[in-house]
There are 2 protein chains.
Amino acid sequence: MSLLAYEEEFLETLQKISKYEQAYKLMYWDMRTGTPKKAREERFEAIGQLSADIYQMKTSARMNELLTVLFEQKERLPEDTLRALEEAKKEYERNKTIPEQEFKEYMILKSKAESVWEEAKKASDFSLFSPYLEKLIEYNKRFITYWGYDGHPYNALLDLYEPGVTVDTLDQLFAELRKSIVPLVQKIADSPNKPDTSFVYKHFPKERQRELCHFFLEKLGYDFDAGRLDESVHPFQVTINSGDARVTTSFNECDFRSAIFGTIHECGHAIYEQNIDKALSGTNLFDGASMGVHESQSLFYENFIARHLGFWKQYFHKMKEASPQQFEQVTADAFYRAVNESKPSLIRTEADELTYPLHIMIRYEIEKAIYSDEVSVEELPSLWNEKYEAYLGITPPNDAQGILQDVHWSDGSFGYFPSYALGYMYAAQLRAKLLEELPEFDQFIEKGNFQPIRKWLTERVHIHGKRKKPLDIIKNATGEELNISYLIHYLEEKYTALYL
Amino acid sequence: MSLLAYEEEFLETLQKISKYEQAYKLMYWDMRTGTPKKAREERFEAIGQLSADIYQMKTSARMNELLTVLFEQKERLPEDTLRALEEAKKEYERNKTIPEQEFKEYMILKSKAESVWEEAKKASDFSLFSPYLEKLIEYNKRFITYWGYDGHPYNALLDLYEPGVTVDTLDQLFAELRKSIVPLVQKIADSPNKPDTSFVYKHFPKERQRELCHFFLEKLGYDFDAGRLDESVHPFQVTINSGDARVTTSFNECDFRSAIFGTIHECGHAIYEQNIDKALSGTNLFDGASMGVHESQSLFYENFIARHLGFWKQYFHKMKEASPQQFEQVTADAFYRAVNESKPSLIRTEADELTYPLHIMIRYEIEKAIYSDEVSVEELPSLWNEKYEAYLGITPPNDAQGILQDVHWSDGSFGYFPSYALGYMYAAQLRAKLLEELPEFDQFIEKGNFQPIRKWLTERVHIHGKRKKPLDIIKNATGEELNISYLIHYLEEKYTALYL
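Residues numbered from 1 in each chain as written. Chains lettered and ligands numbered in written order. Predicted model: local features only at pLDDT ≥ 70, side-chain atom pairs only at ≥ 80, totals over all residues. Heavy atoms only, no water.

A.B. asks: Help me out: how do you make sense of the overall build of chain A in this one?
C.D. replies: The helix and strand tally for chain A stands at 20 helices and three strands. Along the first, second and third principal axes, the C-alpha set of chain A runs to 75 × 50 × 50 Å. Counting only residues that meet the buried cut, chain A has 58% of its 500 residues in that class. Contacts in chain A between residues at least 24 apart in sequence constitute 73% of all its contacts with a sequence separation of at least 6. Here chain A has roughly 20,600 Å² of accessible surface; of this, 49% comes from carbon and sulfur atoms. Computed over 60 positive and 81 negative side-chain charges, the separation of the two mean positions in chain A equals 3 Å. (Helix = DSSP H or I, 4+ residues; strand = E, 2+ residues; numbered from the N terminus. Buried < 20%, exposed > 50% of the residue type's maximum accessible area, 1.4 Å probe, protein only. Contact = heavy atoms within 4.5 Å. Areas by Shrake-Rupley, 256 points an atom, 1.4 Å probe, with all protein chains shown as cover. Lys, Arg positive; Asp, Glu negative; His and termini not counted. Charge placed at Lys NZ, Arg CZ, Asp CG, Glu CD.)

Given below as structure tokens:
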């Protein structure tokens, strides 16, 4: 077989995998937006079948052959094929270095662990979940030895979500963050200059919220011909194919923020996906560069655009029209202040912009301690509570609002949390560069003209898909290495103006 | 390998096929209820991939081996396995007797023909479609010779949808039908006693229609924990798995009938699917006994229940509440008469209960003529128009409202139409037996107590799935062979009371 024939077969296999992933992702979307109760069991079986088939295609002996032959002659491959090859090879090796039996047992463990975690959270009892967590950590520690790593063992896990980012980098970034943010959080807690948020919790009819979500999605440049908005318990974004980037949201009639800001957050993810180079469709490069880069886009839209004063100068009247009584006595400025309220809180997903990175830092420090054997599973709840007291000045009253709050660990996702904070840093660094190149940024927002901003982000980030690695994207876009000072500066400036 | 091992592998293969079919059907459902425009092309490719995989599993060499070995020892197989085997074998043979190359060409032809038909219908120009129709017929004529048949060649096509039903049977049934219905249609056309239908076309808000559709589905016993209602261009029912029988409807704000009766029609299909024995889940027997038996259930709900006077005595007030102005001057009786208006019309899908079978009869006679080489493709439009004049007293003004109105032929579905009429005959025969065994039928409807009716139909029809053949289901349920006099009697009685 010629090199060309190998390349063709490799690319065809990627296309086939992507078709199965379409089916898989549609079933996933359906499960979260409207699969009837009695359909779930059989739906799980079908999802299991397809994901097993996808796994099989990615790890078959033939795939190994293709990867080996192509890699031997990698200099002769077109650039995109080479990147696709690197990604496929990495995934192949990651999967195949785990003995098959162990991989299967781990999959079964994960599928059980999630429901055990649910029960434990409901009962607010960490001891129910800890035997599973213990095993999940054991497996991951073994996987790390199979995969190998440089420096800290936790680096092997970070590499799953944010290739190129290491413990050394994160330690330094979080140290700087802690140094500036912890005192700022304290100053704000002590400030008498607090916003009035009482109107936030007044009744806002769901149907009006839905209309507004549609309105904002359209205004921000979400393409409804390549996506749709639905309802789910937790908002999410899923890309089913290159013309189908769906978003979901959840409505709370006693707090409009979850739908409005949740939708705009997912809108940021979706606009990323809608603007990846279509030439990559059906390959493993039609994807965000990393979890963190993806999060940078959702946070950009949610925080830098939708929590911007100019945004509400332009659109507050839409809120008033949708729920007139609620906002009768409220000004755009007061509204802006209320939706930017900052206060130490227990639940990550409900945290404000300023305290949010501290929630991530706590998880990062705990995960790092786990994977350097510095803490046992049974010590985790007390370690968790100590850190919340130290960084946020509050202690969770129970496990449900503490260590059990997030689903990630039950799914074996260790090393994932830092991406949330990295995304925030990426976003702030991108924003600083954008302000330099588009100094009319604030006016654009105030006029509801998002096209230049979207265009800038597309050219620097979206279009590349997974062609470039996360840190390269940031460096190419901004001309420098990852630098946390942009985020610190942004937060200090914004929250000083708001509170101090 | 032991017989048991063969049986197990066979059943596992059926389960695997059914999981792929779940994914396939969900993509199909999504395509018709909300796939974004730009997602369609890649979605078609994924659907194509999965259907090719399903075809491959059904026709693999290994499947042939399983079928052969098991069939040799069929006396030793459990009853359900044997029936599943018969179905799988029939499908295998039907597919494999067509040379592979020819099968592929036919698939490509079909995929093109549908869009050509759409264009031709839009332009109302049969000559655009006729070259494709010509080829589709040629292929099917060849297939018939591969498959073989007894008696008339058209029997081979009838067998695809209604196993056991032949031209001899249909000729006799339709002759009787024609004899009674054609004069009755004429008498009604001449009757001065016409219902007032003006209020039907008044504005009925879509959201109120949607609520009513939900209401009726629930009342009739549709299980929303095992299904859902969505909107699509044409109403349909699709069963994604044994706990997921979805229905769709379409709303016309200037004619509530399409949503209300369309939904109840699909409800009949769905209640059938929701009540098939769950022991058959994931096998090829988890399905209706035939197209015709399926249609008998949808027509039963649509016509015998929802077009029953008692139904509107009970529920007309709901219509009034939903659209008060529209029905201000209307009585339940006048409403009943209006939704049972009968008049000769050109479009099958809009025809009333009485004239509907004539539309089917015309298609049956034409298809039979095609497959006995009695008519050429170019003669079809004039043959069509002659028959409409002869049986319904009207002539289509153009091809779009005549021979091009239905999609079926473009999909190669010849032999399908008779099932619509057979379904109606089955339904009427079942109704007659039900009236005998549940003489309170009318009162049940008038009281909105549908449970005894549903239970009766489940025990006689639904529960069996594809375990029994269509004519056996009817015979077992009613104690006699298919007999068209029940349908004729029903129509004569109902329409005499309404019009004469």
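A.B. asks: Any chance you could explain the sheet that holds strand 2 (residues 237-241) of chain A here in plain terms?
C.D. replies: Residues and elements named next belong to chain A. Across the sheet, three strands lie side by side as 1-3-2; this open sheet has mixed pairing. In this open sheet, the two edge strands, each paired with only one partner strand, are strand 1 (229-231) and strand 2. Ignoring which end each strand starts from, the neighbouring axes of this sheet average 30 degrees apart. Judged from the three bridges that link them, strand 1 and strand 3 (residues 244-249) form a sheet pairing that is parallel. Bridging across to strand 3, Leu229 finds its partner in Val247. Here helix 10 (residues 257-274) sits on the sheet in contact with strand 1, strand 2 and strand 3, set at roughly 170 degrees to strand 3. (Pairing = 2+ DSSP bridges. Axes fitted to C-alpha atoms, helices over the stretch in contact; angles between N-to-C directions.)

A.B. asks: When you look at the pattern of salt bridges in this model, what are you seeing that I'm missing?
C.D. replies: Any two side chains of opposite charge can pair, given that their charged atoms come close. Residues and elements named next belong to chain A. Enumeration according to the criterion identifies 78 salt bridges over all chains in this entry. Glu207 serves as the salt-bridge partner of Arg210, at 3.0 Å between the closest nitrogen and oxygen. Placement of both Arg210 and Glu207 in helix 9 (residues 206-220) is noted, with a separation of three residues, approximately one turn of the helix. With relative accessibility at 25%, the residue Arg210 sits in the partly exposed group. Salt-bridge contacts for Arg348 lead to Asp406; the nearest nitrogen and oxygen are separated by 2.9 Å. Taken together, the residues Arg348 in the loop between helix 13 (332-338) and helix 14 (356-371) and Asp406 in the loop between helix 15 (380-392) and helix 16 (417-437) connect sequence positions 58 residues apart. Judged by relative accessible area, Asp406 falls into the buried class, the value being 12%. (Salt bridge = Lys/Arg side-chain N within 4 Å of Asp/Glu carboxyl O.)

A.B. asks: In this structure, what is going on with the packing of aromatic side chains? I would like to understand it.
C.D. replies: Remark: the centre distance and the inter-plane angle together describe each pair of aromatic rings, the angle taken between the planes. Inspection of the entire model under this criterion finds 87 aromatic pairs over all chains. Their ring planes at 75 degrees and their centres at 5.7 Å tell us that Phe316 of chain A and Phe327 of chain A sit as a pair that is edge-to-face. Of this pair, Phe316 of chain A sits in helix 12 (residues 309-322) while Phe327 of chain A sits in the loop between helix 12 and helix 13; the two residues are eleven residues apart in sequence, bridging distant segments of the chain. Taken as a pair, Phe316 of chain A and Phe327 of chain A share a single burial class, namely buried. Residues Tyr371 of chain B and Phe414 of chain B carry aromatic rings whose centres are separated by 5.4 Å and whose planes lie at 65 degrees to one another, so their mutual orientation is edge-to-face. Of this pair, Tyr371 of chain B sits in helix 14 (residues 356-371) while Phe414 of chain B sits in the loop between helix 15 (380-392) and helix 16 (417-437), and the two are 43 residues apart along the sequence. (Phe/Tyr/Trp six-rings, centres within 6.5 Å; stacked < 30°, edge-to-face > 60°.)

A.B. asks: Explain the pairing of strand 3 (residues 244-249) of chain B here, please?
C.D. replies: Remember that side chains alternate between the two faces of the sheet whenever the strand is regular. With respect to burial, strand 3 of chain B is a largely interior element, six of its six residues being buried. By the alternation rule, side chains of strand 3 of chain B split into Asp244, Arg246 and Thr248 of chain B and Ala245, Val247 and Thr249 of chain B, which are all buried.

A.B. asks: Honestly, the relation of the copies chain A and chain B in this entry has me stumped. Any pointers?
C.D. replies: The operation linking the two copies of the chain is a rotation about an axis combined with a translation along the axis. With an RMSD of 0.1 Å, the operation that places chain A on chain B is a rotation of 180 degrees combined with a shift of 0.0 Å along the axis. Here the symmetry operator amounts to a two-fold rotation axis. Taking C-alpha positions as the reference, the residue of chain A nearest the rotation axis is Ala23 of chain A, at 2.9 Å. (Least-squares fit on C-alpha atoms with pLDDT ≥ 70 in both.)

A.B. asks: Would you mind showing me how to read helix 15 of chain B here?
C.D. replies: Side chains of residues three or four places apart in an α-helix project in the same direction, reflecting 3.6 residues per turn. Residues and elements named next belong to chain B. Its 13 residues place the ends of helix 15 18 Å apart at the C-alpha level, agreeing with the 18 Å of an ideal helix rising 1.5 Å per residue. Every buried residue of helix 15 is listed here: Leu380, Pro381, Leu383, Trp384, Lys387, Tyr388, Tyr391 and Leu392. The buried residues of helix 15 all sit within an arc of 160 degrees when viewed along its axis, so they share a single face. Opposite the packed face of helix 15, turned more than 90 degrees from it, sit the exposed residues Glu386 and Ala390. For helix 15, the secondary structure elements touched by its buried residues are helix 6 (126-147), helix 8 (167-190) and helix 14. (Expected span 1.5 Å × (residues − 1). Arc of directions from axis to C-beta.)

A.B. asks: I'm lost on the sheet that holds strand 1 (residues 229-231) of chain B in this one. Help?
C.D. replies: Strand pairing in a sheet relies on backbone hydrogen bonds. The paired strands run either parallel or antiparallel. All names here are of chain B. The strand order across the open sheet formed by three strands is 1-3-2, and the pairing between neighbours is mixed. The open sheet has two free edges, formed respectively by strand 1 and strand 2 (237-241), since each of these has just one partner strand. For this sheet the average axis-to-axis angle between neighbouring strands, irrespective of direction, equals 30 degrees. Where helix 10 (residues 257-274) meets the sheet, its contacts fall on strand 1, strand 2 and strand 3, and the angle it forms with strand 3 comes to roughly 170 degrees.

A.B. asks: Explain the nonpolar core to me, please; I cannot follow it from the model alone.
C.D. replies: If you look at soluble globular proteins, the nonpolar side chains tend to sit buried side by side. Counting residues in each nonpolar core, the largest one holds 332 residues, and the members touching the most others are Phe311 and Met319 of chain A together with Phe311 and Met319 of chain B. Setting aside anything within four residues of it in sequence, one finds Met319 of chain A in contact with Phe204, Leu212, Phe216, Phe256, Ile260, Trp312, Phe327 and Phe335 of chain A. (Core = buried A, V, L, I, M, F, W, Y, C linked by side-chain atoms within 4.5 Å.)

A.B. asks: Explain the domain arrangement of chain A here, please?
C.D. replies: Many authors give the size of an interface as the accessible area that is lost as the parts come together. All names here are of chain A. The domain architecture assigned to chain A consists of domain 1 (1-96) and domain 2 (139-500). Its C-alpha centre places domain 1 at a distance of 29 Å from the equivalent point of domain 2. In this complex, domain 1 contributes 18 residues to the contact, which on the side of domain 2 involves 25 residues. At the boundary of domain 1 with domain 2, total buried surface from both sides reaches about 1,900 Å², with 55% on carbon and sulfur atoms. Looking only at domain 1, the three residues that lose the most surface to domain 2 are Trp29, Arg83 and Arg94, adding up to 34% of its buried area. Taken together, the links from domain 1 to domain 2 amount to three salt bridges. Taken together, domain 1 and domain 2 are joined by ten residue pairs in polar contact (both at pLDDT 80 or more). Elements with a contribution of two residues or more to the side of domain 1 that touches domain 2: helix 1 (3-33) and helix 4 (79-96). Looking at the side of domain 1 that touches domain 2, its residues break down into six nonpolar, four polar and eight charged. (Domains from an automatic or database assignment. Buried area = accessible area lost by both parts, 1.4 Å probe. Polar contact = N/O pair within 3.5 Å; in protein donor to acceptor, adjacent residues only side chain to side chain. Nonpolar A, V, L, I, M, F, W, Y, C, P; charged D, E, K, R; others polar.)

A.B. asks: What exactly am I supposed to notice about the interface of chain A and chain B here?
C.D. replies: If you look at the interface, chain A gives 36 residues, while chain B gives 36 residues. Summing both sides of the interface, chain A and chain B together bury roughly 2,900 Å²; the carbon and sulfur share of this comes to 49%. Taken together, the links from chain A to chain B amount to eight salt bridges. For Lys37 of chain B, the salt bridge goes to Asp225 of chain A, with nearest N and O atoms at 3.7 Å. Secondary-structure elements contributing two or more residues to the side of chain A that touches chain B are helix 1, helix 2 (40-59), strand 2 and strand 3 of chain A. With ten residues, helix 1 of chain A is the single largest residue contributor to the side of chain A that touches chain B.

A.B. asks: For this particular structure, what's the right way to read the environment of Thr283 of chain B?
C.D. replies: All names here are of chain B. Here Thr283 is to be found in the loop between helix 10 and helix 11 (291-305). As for Thr283 and Asn483, which are separated by 200 residues in sequence, their C-alpha atoms are 32 Å apart. Setting aside anything within four residues of it in sequence, one finds Thr283 in contact with Leu14 and Gln15. A polar side-chain atom of Thr283 sits 3.0 Å from the main-chain amide nitrogen of Leu285.

A.B. asks: Would you mind going over helix 3 (residues 61-72) of chain B with me for this structure?
C.D. replies: Residue and element names in this part refer to chain B. With twelve residues, helix 3 should cover 16 Å at 1.5 Å per step; its first-to-last C-alpha distance of 17 Å lies within 8% of that length. For helix 3, the complete set of buried residues consists of Met63, Leu66, Leu67 and Leu70. The buried residues of helix 3 occupy an angular sector of 95 degrees when projected down its axis, which confines them to one face. Across from the buried face of helix 3, at angles greater than 90 degrees, the exposed residues are Ala61 and Glu72. The inward-facing, buried residues of helix 3 contact helix 1 (3-33), helix 2 (40-59) and helix 4 (79-96).

A.B. asks: I would appreciate a short explanation of the environment of Gly221 of chain A in the present structure.
C.D. replies: Residues and elements named next belong to chain A. When you line up the elements, Gly221 lands in the loop between helix 9 and strand 1. Looking at Gly221, the relative accessible area reads 22%, which means it is partly exposed. Along the backbone, Gly221 and Asp277 are 56 residues apart, and their C-alpha atoms lie at a distance of 17 Å. Ignoring anything within four residues of it in the chain, the contact list for Gly221 reads Ile271, Gln274 and Arg454.

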